[in-house]
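Each chain is listed here by its residues.
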Amino acid sequence: MARILALDYGKVRTGIAVTDELQLIASGLTTVETKNLISFLVDYLDQEQVEKFVVGLPKQMDNSPSESEVLIQPFLTKLSAKFPGIPIERQDERFTSKMAFQSMLDSGMKKKKRQNKALVDEISATLILQAHLNSI
């Protein structure tokens, strides 16, 4: 089996998480600058097999798309053009940043490390991926 790769897409940074090859466990991989995301994915896919991408779907509380969806749509077009054989699924990402921060608090992480926004993005991507795994 190949891995599932999840993205918490952001204007500046994108958190990335992947499953193990059996698609049982979601783990944070890294956070990359969004401008370098496609080249990072090209390098990653040279090393690992990926079955599908799961990209966070930002929504408002009333279920309407959030403002950041406007930024994500052009990226999705680029992603599907670059990797046409890999399907892209979307996963509701409401509250993932808050949940990521709370998990950092709950784990006893020091304040300085909790201020690392890249780590919050990586944990958010992991939460998006875990929610996807729970739904399939």
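Heads up: the structure comes first, above all this text.
Residues numbered from 1 in each chain as written. Predicted model: local features only at pLDDT ≥ 70, side-chain atom pairs only at ≥ 80, totals over all residues. Heavy atoms only, no water.

1. What to know about the overall build of the chain
Right, so step 1: Helices and strands together make up the secondary structure of the chain, namely five helices and five strands.
Right, so step 2: Along its sequence from the N terminus, the chain presents helices and strands in the succession β-β-β-α-β-α-β-α-α-α.
Right, so step 3: For the chain, the residues scored as buried account for 43% of the 136 residues in total. (Helix = DSSP H or I, 4+ residues; strand = E, 2+ residues; numbered from the N terminus. Buried < 20%, exposed > 50% of the residue type's maximum accessible area, 1.4 Å probe, protein only.)

2. Side note on the nonpolar core
Right, so step 1: In this structure, Leu5, Leu7, Leu37, Leu41, Phe53 and Leu79 are the most contacted members of the largest nonpolar core, which totals 19 residues.
Right, so step 2: Of all the secondary structure elements, the ones that give two or more residues to this core are β1 (3-8), β2 (13-19), α1 (37-47), β4 (50-57) and α2 (69-82).
Right, so step 3: Each residue touching Phe53, except ones within four places of it in the same chain, is listed here: Leu5, Leu41, Leu45, Leu79, Phe83, Ile86, Pro87, Ile88 and Glu89.
Right, so step 4: Formed by nine residues, the second largest nonpolar core is a distinct cluster that contains Ala6, Ala17, Ala26 and Ile128. (Core = buried A, V, L, I, M, F, W, Y, C linked by side-chain atoms within 4.5 Å. Contact = heavy atoms within 4.5 Å.)

3. Focus: the sheet that holds strand β3 (residues 26-33)
Right, so step 1: Pairing in this open sheet of five strands is mixed, and the strands run β3-β2-β1-β4-β5 from one edge to the other. Where the open sheet ends on each side, the last strands, each with one partner, are β3 and β5 (88-92). Neighbour to neighbour, the strand axes of the sheet diverge by 25 degrees on average, direction disregarded.
Right, so step 2: Examined bridge by bridge, β4 and β5 share five bridges and lie parallel to one another. By the bridge assignment for β5, Val55 is matched with Arg90.
Right, so step 3: Most of the contacts of α2 go to β5, to which it runs at about 155 degrees, and overall it touches β1, β4 and β5.
Right, so step 4: Packed on one face of the sheet, helix α5 (residues 117-135) meets β1, β2, β3, β4 and β5 and runs near 40 degrees to β2. (Pairing = 2+ DSSP bridges. Axes fitted to C-alpha atoms, helices over the stretch in contact; angles between N-to-C directions.)

4. Description of the packing of α1 against α2
Two packed helices can be described by the angle between their axes and the distance between those axes.
Right, so step 1: Running from amino to carboxyl end, α1 crosses α2 at an angle of 30 degrees, the nearest separation of the two axes being 11 Å. Compared by their axis directions, α1 and α2 come out roughly parallel. Once α1 is placed against α2, the crossing between them reads as right-handed. The segment α1 lies against α2, with Leu37, Ile38, Leu41 and Val42 engaging Phe75, Lys78, Leu79 and Lys82.
Right, so step 2: Of the residues assigned to the contact of α1 with α2, the class counts are six nonpolar, no polar and two charged. (Parallel < 35°, antiparallel > 145°, perpendicular 65-115°, else oblique. Left-handed = near helix turned anticlockwise from the far one by under 90°. Nonpolar A, V, L, I, M, F, W, Y, C, P; charged D, E, K, R; others polar.)

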